[in-house]
Structures are given as C-alpha cells and as structure tokens.
Amino acid sequence: MATRTDLDGRPIKPITICMIGAGGFIGSHLCEKLMSETPHKVLALDVYNDKIKHLLEPDSLPWAGRIQFHRLNIKHDSRLEGLIKMADLTINLAAICTPADYNTRPLDTIYSNFIDALPVVKYCSENNKRLIHFSTCEVYGKTIGSFLPKDSPLRQDPANYVLKEDTSPCIFGSIEKQRWSYACAKQLIERLIYAEGAENGLEFTIVRPFNWIGPRMDFIPGIDGPSEGVPRVLACFSNNLLRREPLSLVDGGQSQRTFVYIKDAIEAVLLMIENPDRANGHIFNVGNPNNEVTVRQLAEMMTKVYAKVSGEPSLDSPTVDVSSKEFYGEGYDDSDKRIPDMTIINKQLGWNPKTSLWDLLESTLTYQHRTYAEAIKKSIAKPTAS
Ligand SMILES: NC(=O)c1ccc[n+]([C@@H]2O[C@H](COP(=O)([O-])OP(=O)(O)OC[C@H]3O[C@@H](n4cnc5c(N)ncnc54)[C@H](O)[C@@H]3O)[C@@H](O)[C@H]2O)c1
Ligand SMILES: O=c1ccn([C@@H]2O[C@H](COP(=O)(O)OP(=O)(O)O[C@H]3OC[C@@H](O)[C@H](O)[C@H]3O)[C@@H](O)[C@H]2O)c(=O)[nH]1
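Below, the structure is looked at part by part. Computed from a predicted model, the values in this text were never measured in an experiment. (Residues numbered from 1 in each chain as written. Chains lettered and ligands numbered in written order. Predicted model: local features only at pLDDT ≥ 70, side-chain atom pairs only at ≥ 80, totals over all residues. Heavy atoms only, no water.)

### Side note on unusual backbone geometry
Rules: Strands here are runs of E lasting at least two residues and helices are runs of H or I lasting at least four, both read from the DSSP assignment and numbered beginning at the N terminus. The buried label applies to any residue whose accessible area, calculated with a 1.4 Å probe on protein chains only, is under 20% of its type's maximum; exposed applies above 50%, and partly exposed to all values in between.
Going from glutamate 57 to proline 58, the amide bond is cis rather than trans, its omega being -5 degrees. With respect to the helices and strands, proline 58 occurs in the loop between helix H2 (53-56) and strand E3 (67-71). A positive phi angle, near 70 degrees, is found at arginine 216, a position not held by glycine. Looking at the element boundaries, arginine 216 is found in the loop between strand E8 (212-213) and helix H8 (233-242). Residue class for arginine 216 comes out buried when judged on its relative accessible area of 14%.

### Quick look at the packing of aromatic side chains
Applied cut-off: The aromatic pairing rule takes the rings of Phe, Tyr and Trp, using the six-membered ring of Trp, and pairs them if the centres are within 6.5 Å, calling planes under 30 degrees apart stacked, those over 60 edge-to-face and the rest tilted.
Within the structure shown, the criterion is met by seven aromatic pairs. Judged by centre distance (4.8 Å) and plane angle (80 degrees), the rings of phenylalanine 327 and tyrosine 328 are edge-to-face. When its relative accessible area of 14% is taken as the criterion, tyrosine 328 is described as buried. Pairwise contacts between aromatic rings join Phe327, Tyr328 and Tyr332 into one cluster.

### With respect to the pairing of strand E1 (residues 16-20)
The line we're drawing: In this scheme, strands are said to pair when DSSP sees at least two bridges between them. Crossovers are described as right-handed under a simple rule: with the strands pointing away from the observer, the path leading from the first strand over the helix to the second runs clockwise.
Buried residues dominate E1, accounting for five of its five residues. Residues Thr16, Cys18 and Ile20 point to one face of E1 and Ile17 and Met19 to the other, with burial holding for every one of them. Note that E1 and strand E2 (residues 41-46) share five bridges and pair parallel. Looking at the pairing, threonine 16 lines up with lysine 41 of E2. Running through helix H1 (residues 25-37), the crossover from E1 to the neighbouring parallel element E2 is right-handed. Examined bridge by bridge, E1 and strand E4 (residues 89-92) share four bridges and lie parallel to one another. Bridge pairing links isoleucine 20 to asparagine 92 in E4.

### Section: the environment of serine 78
Relative to the elements of secondary structure, serine 78 occurs in the loop between E3 and helix H3 (79-86). What makes serine 78 exposed here is its relative accessible area of 76%. For the pair serine 78 and alanine 375, spaced 297 residues apart in sequence, the C-alpha to C-alpha distance is 39 Å.

### A closer look at the packing of H3 against helix H6 (residues 118-126)
To be explicit about the condition: For helices, the fitted line uses only the C-alpha atoms of the stretch in contact; every axis is such a line through C-alpha atoms, and the angle between N-to-C directions lies from 0 to 180 degrees. For classification purposes, angles smaller than 35 degrees are called roughly parallel, those larger than 145 roughly antiparallel, those between 65 and 115 roughly perpendicular, and all remaining angles oblique. Here is the rule for handedness: rotate from the far helix to the near one, and if that takes an anticlockwise turn smaller than a right angle the crossing is left-handed, while a clockwise turn gives right-handed. Throughout, a contact is declared for two residues whenever any of their heavy atoms are within 4.5 Å.
Where H3 contacts H6, the axes come no closer than 10 Å and their chain directions differ by 45 degrees. By the angle between their axes, H3 is oblique relative to H6. Seen from above, H3 lies across H6 with right-handed handedness. In this structure, H3 contributes Leu80, Glu81 and Ile84 to the contact, and H6 contributes Val120, Tyr123, Cys124 and Glu126.

### Digging into the pairing of strand E7 (residues 204-209)
Counting buried residues in E7 gives six out of six residues, a clear majority hidden from the surface. Residues of E7 alternate between two faces, with Phe204, Ile206 and Arg208 on one and Thr205, Val207 and Pro209 on the opposite face, all of them buried. Alignment of strand E5 (residues 130-134) against E7, held across four bridges, turns out to be parallel. Residue pairing in the sheet places phenylalanine 134 in a bridge with valine 207 of E7. Bridge count between E7 and strand E12 (residues 282-286): five bridges; the pairing is parallel. Within the sheet, the bridge partner assigned to valine 207 lies in E12 and is phenylalanine 284.

### Side note on the site of ligand 1
What counts is decided by this rule: Here a residue counts as near a molecule or strand whenever at least one of its heavy atoms sits within 4 Å of it. Throughout this description, a polar contact denotes any pair of N or O atoms lying within 3.5 Å of each other; where both atoms belong to protein, one of them has to be capable of donating a hydrogen while the other can accept it, and for residues adjacent in sequence the pair is counted only when both atoms sit in side chains. For the accessible areas, the method is Shrake-Rupley and the probe is 1.4 Å, while residue cover comes only from the protein chains on display. Each residue is assigned to one of three groups, with Ala, Val, Leu, Ile, Met, Phe, Trp, Tyr, Cys and Pro labelled nonpolar, Asp, Glu, Lys and Arg labelled charged, and all others, Gly among them, labelled polar.
The environment of ligand 1 is formed by 24 residues, the closest being Phe25, Asp46, Asn73, Tyr182 and Trp212. Phenylalanine 25 is positioned with one of its backbone polar atoms (N or O) 2.8 Å from an oxygen atom of ligand 1. In the complex, 89% of the free accessible area of ligand 1, which totals 820 Å², lies under the protein chains. Its residues placed into classes, the shell around ligand 1 shows 14 nonpolar, seven polar and three charged.

### Details of H3
Stated formally: What the arc measures is the spread of directions leading from the helix axis to the C-beta atoms.
Where H3 is concerned, the buried positions are Leu80, Leu83 and Ile84. Mapping the buried residues of H3 onto a view down its axis gives an arc of 100 degrees, with all of them on the same face. Check the buried side of H3 and you find it contacts E1, E2, E3, E4 and H6.

### Section: the sheet that holds E3
With parallel pairing, seven strands are arranged side by side in an open sheet as E3-E2-E1-E4-E5-E7-E12. In this open sheet, the two strands that pair with only one neighbour each are E3 and E12. Going across the sheet, the axis of each strand differs from the next one's by a mean of 15 degrees, ignoring polarity. Note that E2 and E3 share five bridges and pair parallel. When the bridges of E3 are listed, alanine 44 appears paired with phenylalanine 69.

### Concerning empty space enclosed by the protein
Here is the rule: Here a cavity means grid points, on a 1 Å grid over the protein atoms only, where a 1.4 Å probe fits yet cannot get out; a pocket means an open set of points with protein on both sides within 12 Å along at least five of seven lines; lining residues are those with an atom within 4 Å of a point. Grid points are joined across faces, edges and corners, and a volume is the space filled by probe spheres set on the points.
Overall, the coordinates contain one cavity of 30 Å³ or more when judged by the stated rule. Looking at the largest cavity, its volume works out to about 110 Å³. Around the largest cavity, the lining is made up of 13 residues, and of these Leu241, Arg244, Pro313, Ser314 and Leu315 lie nearest the centre. Counting only elements with at least two residues in the lining of the largest cavity, the list comes to H8 and helix H11 (295-310). In terms of residue count, H11 provides more of the lining of the largest cavity than any other element does, three residues in total.

Next up, the structure:
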C-alpha cells in the first residue's frame, strides 16, 4: 500500500481501533472501508456479526489478521476495559436507535444510549484513549421554525431551521412524548463527554449523523428480522416495495429529512479517524443538506426507483396514510425538519457529500432487490402451518 498522508501531508501511522457496535449498519461499512483502504487494525465488538461475516471469513482474505471479532454485550462484560486499553482509538456506535423502540421500550432506550455508554467514556478518559462517539441529529429536536405560525415569513429564515452544532438549541417535546428519551439520553452523554474533555483532557470527537442510508440498514421484517419489527424508514419502505404493499405514510408523511449515502458519510468518519488534530474537541454534523425531501416525496421517489430496478410496475395506489398512534403507539412525536449546517466539518476536514438522493436510492434498492426479492417470494409462497 502506498504511503497515505493526512490532510496536513503527514504520513498516517497504522493504529488499532476498538469499534463497539461494529456489527451494525454503520459499523459494517466502516469496517469494510478500514479493511479495504487502510492498514489499521480493528477489534470489532458486538453481540451480532452477520453484517461483517464477509470480512471475517475465510482466513484467506487480504486483511486476515487485521480484524478480530469479539462477541460481547457492553452492559456486562469485564473484557471491555482490556479491549479499550489495547487500542489507540475507541469508536462507540452501540445503541438502540430505532424510533419504534423509543416510546415502547423507553427504559432500554435510555439505558442503552446513556448508562451503557458511561463505562466506555470512563475507560477512555482514565486510560488516555481517544474516543469517537456516535450521537445523533435528533439532539437538535424540533426546529425553531416549527413553533412559528404557518404563514410567518420568519419560517423562510435559515437561522430558524438550519441546525448548527455550536448555536442551535435542543428543543424536545414534553416528558410523556417518550420519543424524545433517545435524543435526551444522547444529549446527556454528549454533555458528559464534553465535560470529560474540559475537566480531564479526554480527546473526543462527537458525530451527529443525519439519516445515513444504504445497503445493510436494519432488517426486512420476517426475512432477517422479526415479522412484527418496525425498522427505520428505508427498510420499512423497502419491505413494502418488495412485498408489493402500499408504503405507510405516518401522519401524512409531512416531516422532512435530508438523507446522505452511507459511503459518503463513511468518508467523513475516516477523515476524523486519520486527522485527530483537526477532529479532537469537535462535534460534527454529517449529512447532505442537498438531499432534502418530505417522507411522502421519499416514498414517491423510492416507488419510481424500485419500479426501474426491479422491472415491476408500481401499484395504482402506492401509499397509504396511517396515524403515528396506530403505527408507533402512544408517546410518539417527530422531528419536523433536519438540515445540517456544514460549516464546521467543511472547515476542519474539507468534507462534502457527493451522492444525490436518486443515485443513492438506485444503488440501495438494487441491493435490496438482489438480496431479498427471492426470499420474499419464497416466504409468501410457503403454505402456513395448519
Ligand atoms: N444510521 C443513522 O442514520 C444514524 C443516525 C443518527 C445516529 N446514529 C447513531 O449511530 C450509531 C450506529 O447506528 P447504526 O445505524 O449503525 O445502528 P445499528 O443498530 O445498525 O448498529 C448498532 C450496533 O450496536 C450493537 N449494540 C447495541 N447495544 C450493544 C451492546 N450493549 N453491546 C454490544 N453491542 C451493542 C447492535 O447489536 C448493533 O449491531 C448509533 O449510536 C446511532 O444512534 C445513526
Ligand atoms: O414506514 C414508515 C416509517 C417511518 N416513517 C416516517 O419517516 C420518518 C423517518 O423515520 P426513521 O424511522 O427513518 O427515523 P427518524 O429519521 O425519525 O429518526 C432516526 O434518525 C436519526 C437516528 O438517530 C435514528 O436512527 C433514528 O432516530 C419519520 O417521520 C417517520 O414517522 C413513515 O412515514 N413510514
């Protein structure tokens, strides 16, 4: 491998990374990138490894020996501190991060996103290890603009809706809207990490992902996840398309999101890993402000793209409206709009997303069709046990 240099022209030294939650969606892409393009070693920690199996087996893979899987639950495993000590950098991705869980399993959500992350922060701080912690864009909550009258010209002022790391407030709903328990737990762990940096010199970077999507995100209910499970929107809509069912629009699909391609976002994380002097002490939005749609528009676009990649015509009525209470249960609420300000990541790391929403949906839905269409057909054809 040719000598790789950082953004300041210095050669990059190989390091060992302790990646917690390496078996998930983001972790699997990050492991893939680190194995195929860098000399770094990864201690991959997770309870599952299905999404990184292709990197672990067989032993003849070019990166054999550079990635080691450790099956463990960070809630109760004494090996955690030893693994953090063995590494130069810890990346914590582990979390319950699916909205269907926030109001139905609020305790697990709070424990997973706050309590379980505490020892990781403590071990990094005590052992002088660098930490990259995954937070979320949801820490911003609702926009200021959402509280203005519908026809107020102030809604047009970007200051009232663009989300900026160092100036935007964090606006959550009331306590019985348990949707916000996740965001609140993430916010408190951010504050704790920041305080560890300020008082004890912890070297940290906080990542706030804005709806990263792509292959291997979540699961398809009844195929590689529970039949009654509700994954995030990309997988929900993929499941509907694969089964030729209308896509469910929660509360009319009026909420807005910006979606970024996982492969673009992983480039940003690699820059953080390899440029500690530029990334330490910072909180970074990572998203694509150019890919904004309402959830309804996302459904329409996915329907068109899926018809193209599968060759199957769309349904006459491709969407159906459903209330959030019916879909997610009591205590659901939503972020109205999420546009990331890109100033800080641009200045520190020179990163910009590249892939348009249409292009990222085309490659992702091609993957979904190739991976799941046959399995879905078989599961539908299978006679049910009497
Ligand atoms: N994907 C996104 O767009 C997005 C957006 C905002 C924030 N995030 C954050 O990024 C991180 C990763 O998200 P993801 O999309 O890859 O989710 P994911 O659910 O696919 O991955 C999380 C992984 O952590 C593992 N994990 C959870 N608890 C664990 C424990 N106690 N011990 C060991 N492993 C455990 C899970 O098994 C899973 O493989 C999360 O912290 C999430 O909150 C992601
Ligand atoms: O079938 C569906 C699924 C979801 N939706 C809607 O689609 C939007 C996006 O839902 P997602 O499940 O992808 O999750 P959200 O964008 O609300 O939150 C996510 O973003 C940030 C991360 O921290 C988390 O991964 C997750 O909380 C929501 O408005 C939701 O109500 C539908 O209309 N229909």
